[in-house]
Amino acid sequence: MLNKMMQRKGIMMLVATMCLAACGGNQTSDVTKPEESESAVSIDRINTMSDFSLDGTMDVEGRNYSYEFAFRSDESLPVVTNAEGFRYYDNRVKLIISLGQQVVYEHTFTRESFRDLVPAGDYQRSVLAGFNRNYMKEGQHDRFYFVAVVGDPDENGDISHTIGIAVDTHGGVSTELIRNVDTDTPPTSGTENSDPDEDAA
């Protein structure tokens, strides 16, 4: 249990802070810090995770693209009850990739986008808990790489599934479950799957 909790914290810290790895070279990354929670988690109300936004640039196939995404709590999504019995609103993230003034990809991801990659029992107790650019793919310039986390909204929870997302310049998307993630070694990837849900916001 302790090992799972440590791995969970490591994954969430990685997703929250790995944008700092882009401080060198020609790449930029501007983060809007998460909003402070109004109060502690309560059993008597529906809780929310912090909203945040990020934007930056990526060099893909010899061209410099910009991207931005906004991670937001969404009261229209089903309420999730985690393993400790606390209720949370789920989250969605809107991702936009542009070349100059032209939008080449726009999509809104939710927990549902990754249903086929997460065990059913874990899925029911999880939210879309994190999203970021995947800096572990920094040396690859064939596609746009991002990472999402589906897991317990409580950082001390032991449910956490990290998912790699790859978007090509034509808007094609593939997803894969990343088996192991830490700050010292590259992840081991699972089998690549078909596109997630295609419903854009």
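You'll find the structure just up there.
Caption draft 1: Spatial organisation of the overall build of the protein chain. A tally of helices and strands in the protein chain yields two helices and 13 strands. Among the 201 residues that make up the protein chain, the fraction classed as buried is 44%. Within the protein chain, contacts between residues separated by at least 24 positions form 52% of all contacts whose residues are at least 6 apart in sequence.

Caption draft 2: Inspection of the pattern of salt bridges at higher detail. In this structure the tally under the stated criterion is seven salt bridges. A salt bridge links Glu106 to Lys94; its shortest N-O distance comes to 3.1 Å. Highlighted residues: Glu106 in strand 8 (residues 102-110) and Lys94 in strand 7 (residues 91-99), separated in sequence by 12 residues. The partly exposed category is assigned to Glu106, whose relative accessible area is 36%. Under the relative-accessibility criterion, Lys94 is labelled partly exposed at 34%. A salt bridge links Asp142 to Arg143, with the shortest nitrogen-to-oxygen separation between them at 3.9 Å. Owing to a relative accessible area of 36%, Asp142 belongs among the partly exposed residues under this scheme. With a relative accessible area of 23%, Arg143 lands in the partly exposed category.

Caption draft 3: Quick look at the environment of Ser73. Here Ser73 shows up in strand 4 (residues 63-73). Separated by 55 residues in the primary sequence, Ser73 and Leu128 have C-alpha atoms spaced 9.4 Å apart. Filtering out sequence-adjacent residues up to four positions away, Ser73 remains in contact with Thr48, Met49, Asp51, Tyr89, Asp90 and Asn91.

Caption draft 4: Structural context of the environment of Val104. Along the chain, Val104 turns up in strand 8. With relative accessibility at 22%, the residue Val104 sits in the partly exposed group. With sequence-adjacent residues up to four places away left out, Val104 is seen in contact with Tyr65, Ile97, Ser98 and Leu99.

Caption draft 5: Highlighting the sheet that holds strand 2 (residues 46-47). Strand order in the open sheet made by the three strands is 2-6-5, with mixed pairing throughout. Edge positions in the sheet fall to strand 2 and strand 5 (80-81), since each has one partner strand and no second.

Caption draft 6: Structural context of the nonpolar core. One finds Ile97, Phe131, Phe146 and Ile165 to be the most contacted residues of the largest nonpolar core, which totals 29 residues. Secondary-structure elements contributing two or more residues to this core are strand 3 (52-60), strand 4, strand 7, strand 8, strand 9 (127-133), strand 10 (144-151), strand 11 (160-167) and strand 12 (173-180). Excluding residues that lie within four positions of it along the chain, Ile97 makes contacts with Tyr65, Ser66, Tyr67, Gln102, Val103, Val104, Tyr105, Phe144, Phe146 and Val167. Met49, Val80, Tyr88 and Ala129 belong to the second-largest nonpolar core, a separate cluster that totals six residues.

Caption draft 7: Looking closely at the packing of aromatic side chains. Summed over all chains, the structure comprises eight aromatic pairs. Between the aromatic rings of Phe69 and Phe131, the centroid separation amounts to 5.0 Å while the plane-to-plane angle is 75°, which identifies the pairing as edge-to-face. Taken as a pair, Phe69 in strand 4 and Phe131 in strand 9 lie far apart in primary sequence, 62 residues in all. The two residues Phe69 and Phe131 agree in class, both being buried. Aromatic rings pair up to connect Phe52, Tyr67, Phe69, Phe71, Phe109, Phe114, Phe131 and Phe146 into one cluster. Directly above the aromatic system of Tyr123 lies the positively charged group of Arg111, at a separation of 4.4 Å from the ring centroid.

Calculation rules
- Residues numbered from 1 in each chain as written.
- Predicted model: local features only at pLDDT ≥ 70, side-chain atom pairs only at ≥ 80, totals over all residues.
- Heavy atoms only, no water.
- Helix = DSSP H or I, 4+ residues; strand = E, 2+ residues; numbered from the N terminus.
- Buried < 20%, exposed > 50% of the residue type's maximum accessible area, 1.4 Å probe, protein only.
- Contact = heavy atoms within 4.5 Å.
- Salt bridge = Lys/Arg side-chain N within 4 Å of Asp/Glu carboxyl O.
- Pairing = 2+ DSSP bridges.
- Core = buried A, V, L, I, M, F, W, Y, C linked by side-chain atoms within 4.5 Å.
- Phe/Tyr/Trp six-rings, centres within 6.5 Å; stacked < 30°, edge-to-face > 60°.
- Lys NZ or Arg CZ within 6 Å of the ring centre and 35° of its normal.

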